Amino acid sequence: MTPVHFVSKWQAAQLKEKSAAQEHFIDLCRLLGEQTPAEADPTGEWYCFERGARKDSGARGWADVWKRHHFAMEYKSEGKSLDAAFNQLRQYALALENPPLLIVCNFAFIRIHTNWTNTPSQTHEIKLSRMLDERNRRKLKWAFSDPDRLKPGETGRSLTERAAASFASLAQSLRDRGHDAQAVARFVNRLVFCMFAEDVGLLPDRMFSRLLSAARFKNKAFPVLSKKLFRVMSTGGLLGLEAVEWFNGGLFDDDESLALAPSEVEIAQQAAELDWSGIDPSILGTLFERGLDPDKRSQLGAHYTDRDKIMLLVKPLITRPLLAEWERAKEEIASLLRRASTTSSTAAATRTKRQAVATLDSFLARLRSFTVLDPACGSGNFLYVALHELKDIEHRVQLDAEALGLERGFPGVGPKNVRGIEINQFAAELARISVWVGEIQWMRQHGFSENRSPVLRPLETIECRDAILSSTGTRAECPEADVVIGNPPFLGGKLLLGLLEEEYVVRLRSAYEAKIPAFSDLVCFWFYQAGRLLKQGNVSRVGFVSTNSIRGGKSRVVLDRIVDSAMIFDAWSDEPWVVDGASVRVSLICCSATNSGLEVRLNGITTDRISTDLTSDSADLTAVKKLIQNRGVSFVGNQKSGPFDIPGSLARKGLRLPRNPNGRPNSDVLRPWCNGMDVVRRPSGKWIIDFGVSMSDNEAALYESPYSYAERRVLPMRQKSSVKGALDAWWRHWCPRPRMLNALDGLERYIATPTVSKHGVFAWLDARVCPDHQLIVIARDDDTTIGILHSRFHEAWSLRLCTWQGKGNDPRYTPTTTLLTFPFPNGLSPDIPAAEYAQDSRAVAIATSARRLVELRDRWLNPPEWVKWVQEPVPGYPKRPVPRSEEAAELLKERTLTNLYNERPRWLGDAHESLDAAVASAYGWDQSIADADALAALLELNRSRSAGLAWAGAS
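Anyway, here's the lowdown on the structure attached to this text. (Residues numbered from 1 in each chain as written. Predicted model: local features only at pLDDT ≥ 70, side-chain atom pairs only at ≥ 80, totals over all residues. Heavy atoms only, no water.)

Things to note about the pairing of strand β23 (residues 763-766)
In the case of a regular strand, side chains alternate between the two sheet surfaces. Of the two faces of β23, both are covered, the one formed by Ala-763 and Leu-765 as well as the one formed by Trp-764 and Asp-766. For strand β22 (residues 749-754) and β23, the ladder comprises four bridges, and the chain directions are antiparallel. If you follow Ile-751 over to β23, its bridge partner there is Trp-764. (Buried < 20%, exposed > 50% of the residue type's maximum accessible area, 1.4 Å probe, protein only. Helix = DSSP H or I, 4+ residues; strand = E, 2+ residues; numbered from the N terminus. Pairing = 2+ DSSP bridges.)

Observations regarding the sheet that holds strand β1 (residues 47-51)
Backbone hydrogen bonds hold the strands of a sheet together, and the pairing may be parallel or antiparallel. A sheet is described by the order of its strands in space; here six strands give the open sequence β1-β2-β3-β4-β5-β6, paired in mixed fashion. Either end of the sheet is taken by a strand with one partner, and the two such strands are β1 and β6 (123-127). When the angles between neighbouring strand axes are averaged without regard to direction, this sheet yields 15 degrees. Bridge analysis of strand β5 (residues 109-114) against β6 gives five bridges, and the strand direction is antiparallel. Opposite His-113, over in β6, you have Thr-123 as the bridge partner. Packed onto the sheet, helix α2 (residues 17-32) meets β1, β2 (63-67), β3 (71-75), β4 (101-105) and β5 and runs at close to 135 degrees relative to β3. (Axes fitted to C-alpha atoms, helices over the stretch in contact; angles between N-to-C directions. Contact = heavy atoms within 4.5 Å.)

Focus on the side chain of Asp-255
Along the chain, Asp-255 turns up in the loop between β8 (242-244) and α10 (262-272). One polar contact links Asp-255 to Arg-231, side chain to side chain, over a distance of 2.8 Å. If sequence neighbours within four positions are ignored, Asp-255 has contacts with Arg-190, Lys-227, Phe-230 and Arg-231. (Polar contact = N/O pair within 3.5 Å; in protein donor to acceptor, adjacent residues only side chain to side chain.)

Considerations on the packing of aromatic side chains
For the structure on display, the rule yields 32 aromatic pairs. Note on Phe-25 and Tyr-47: the rings are 6.5 Å apart at their centroids and 85 degrees apart in plane angle, and the pair reads as edge-to-face. Placement of the pair is Phe-25 in helix α2 and Tyr-47 in strand β1, with a sequence separation of 22 residues. Among the residues examined, Phe-25 registers a relative accessible area of 0% and is labelled buried. Between the aromatic rings of Phe-230 and Phe-252, the centroid separation amounts to 5.8 Å while the plane-to-plane angle is 45 degrees, which identifies the pairing as tilted. Of this pair, Phe-230 sits in helix α9 (residues 221-235) while Phe-252 is found in the loop between β8 and α10, placing the two residues 22 residues apart along the sequence. Here Phe-252 falls in the buried class, since its relative accessible area comes to 0%. Members of the aromatic cluster, connected to one another through ring pairs, are Phe-25, Trp-46, Tyr-47, Phe-49, Phe-71 and Phe-144. (Phe/Tyr/Trp six-rings, centres within 6.5 Å; stacked < 30°, edge-to-face > 60°.)

Topic: the sheet that holds strand β19 (residues 645-646)
Taken together, the four strands give an open sheet; going across it, the order is β19-β21-β20-β24, and neighbouring strands pair in mixed fashion. Only two strands of the sheet have a single neighbouring strand rather than two, namely β19 and β24 (770-771). The strands touched by helix α20 (residues 648-656) within the sheet are β19, β20 (670-674) and β21 (687-689), with β21 carrying the most contacts at an inclination of about 55 degrees.

Concerning the nonpolar core
Among the nonpolar cores identified, the biggest contains 152 residues, and Phe-167, Phe-193, Leu-203, Phe-247, Trp-276 and Ile-318 are the most heavily contacted of them. Of all the elements, helix α12 (residues 307-342) adds the most residues to this core, at 14 residues. If we skip the residues at most four places from it in the chain, Trp-276 touches Ala-163, Phe-167, Val-192, Met-195, Phe-196, Asp-199, Ala-271, Phe-288 and Gln-441. Formed by 62 residues, the second largest nonpolar core is a distinct cluster that contains Cys-674, Phe-762, Ala-763 and Ala-796. (Core = buried A, V, L, I, M, F, W, Y, C linked by side-chain atoms within 4.5 Å.)

Observations regarding the pattern of salt bridges
For the coordinates displayed, the defined rule picks out 53 salt bridges. Between Arg-671 and Asp-690 there is a salt bridge, with the nearest N and O atoms lying 3.1 Å from each other. Here Asp-690 lies in the loop between β21 and α22 (697-701) and Arg-671 lies in strand β20, a separation of 19 residues in the sequence. Among the salt bridges present, the one from Arg-943 reaches Glu-940, with a minimum N-O distance of 3.9 Å. Separated by three residues within a single helix, Arg-943 and Glu-940 lie in helix α32 (residues 931-946), roughly one turn from each other. The class for Arg-943 is partly exposed, based on a relative accessible area of 41%. If you follow the salt bridges from partner to partner, you end up with Arg-186, Arg-190, Asp-253, Asp-254 and Glu-429 in one network. (Salt bridge = Lys/Arg side-chain N within 4 Å of Asp/Glu carboxyl O.)

Shown next as structure tokens:
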């Protein structure tokens, strides 16, 4: 069919929709060179006419034409409004698998609406006479065969980012002119909503844009005009001759406004030109909070958590359980309707159908009363996504019910279904706006009219207060809800005093004393509160984003307590996330008060159980106990808390100085120093000033040069510290670890491993080297012990019991949960002096392999061709490696343990295999034993050795 023939035929046609629609579409196919539905898909499974349900009246529903992943199309008679057809398609888009294009036609016009998720919608309208233009036919051709060609270039995300940047600039300008930050934030929030309301048609005829234009050319007009607008939006009424809806909801409860300079009016005008109807509420609040809150301004351009990540919690907590409930209710409804259709009694059929309707009404009532609480809601992104999902579920239920032959009603789920608690005023108000905007968008996108009288219902369910501590210093109470969800703040226990007010931290720890271990992460307080709600039956399911360190150490205690009366049914153990603009690693954990009908999933894979360390192995290592045989041997290294460390060159100058007035050399207080980086990378060659554990100020001052250095560098830092006692004995290290020093006394060397490293490596350090707190010290000097620790069995054990740290998600080795619980082979445990098992063939085999591993490693790290070993200026110190040339120095930069274990050459693998075989033999295992089987055997050893033994000591 030619374009001229097509246009002339349909310009002359006077047929009604029902008699003309399919013929018109077939002609379109012929015009565009496309197959008709019957030609392309004889089964009608993915391309067909009249896709949808049949109602009791016999009328068809859903779409006149449908092509999966391409479009849904609805016809109206000529002259009829296409808006009604478009609204019908929007209402049924979910049932039509959300096609990317929604097309409506009344024979005189064809209108294509784009419908991609998270993308502002665009409209392409083609008049019948314009079908002669090849460009218009090309658009239709793309709709039939390549819809992505019509996808808008700007996403909702990029639009929201641009909008946030505009208003951040405006907010900064207003603050620079002296306006209060809170007043600026509230004012800008009003402007944001006015622009959105204008673009969705709630403010008539571009009213706000016209106001800005008038203000630009009339000096000082803006506050006068905006006050009038805000005043009428508060109550509804006329502004001039134009009617304005009643908005309020608390956002317009007064008419306060700020004067805008001409440059600021211009910024607002540029922002108003954006299509605010397509703004993305799932990130809207976060971005605007950063722009409006001066404390978060620097994060404006940083990444943020997107909707897909939030859905990792929303799906198991809300979507899957509710849809499972609906499937059971739907089966019951379908059964009742089948029985009604087959009974011969009209009265019985009526009663049975009423039962079906009652079952539907009961489920809808349950859905409409379902409450989601976010007790750390921030700017509302979790609440928005949860509300959106609840509305989608309700919509699906309505469509399913209609397909079964029941009447479809108006949506009832809304902002009342979500509750929030947020301590920050900026964020709390933005949370309300995110929810309001999200509700209006959803209703419009699905073909429903928004709420009116008022447009904005007050959101008193979003409270501005502390969710974990009450004003009286007790544990705060949380409202009841069906589900608790959110992303509470992470803050390591040791950082609480540095970043929160000391008085608050003291009251917080006092309120939760004996409930949460000291120095647990701040997020644990939210988990404890959620656990209480589960135990009391006030919620059915809870899901939080947490620092991934909650899988181990002290923070895991809160999960152990939760599972005493509940269960973890869905978790992601280690996921990338964004917190305050920074990329981190997190765990997502969902708990339920019961296990009725819930599918258990770990990292997206179905499993039988999930332990509190977020593993599903049969060996549950969360129940391991500390072993008395291992105590007193492992320690966190020295914590200096001040710049006591000095370059090696400066230390050697100090060693060469004459003896001090007390007759003692500086070598008494100068030691080589080593931290975790020195072990896994190249040694930094630093030394440290160390006045021991008890030296007085007067005694320390007698070491003139070292003391003078500490007085200039350390004392000012300690004076600025807010930590209580920082100035007490400022000349000494904060935690010199006297128990560690006692354990090392008499040893020539000791074992050290970094607290945090990509690879679990153990190395020898000379006993005269001061270990930093980023090293774990094992006070043993025998090759057998280092061999056992460097086996794959101890590595597997430590990876299950360690905590995790940083963006790189590196394992954090701990002396308590990791080494204190590890069962060494019988007769080779740390409580036995090495001399007693020196002749044990098992110990000899391990020691031989361990020595070989260390020798090979050391030869690779410091090849004699590139390195020479130099004595220090005075005796009593280990030799230090020095590059033989500049070329050697450059080459040596790549010779690190991290690089070695990243590459893991064959010789290194062979050395470890030999060591693993010797250790396996010492346990009495087959050399090829799988890690999972070895862990199970080690767990059994731990249980047998800890049975009946209890001790409170910890290294």
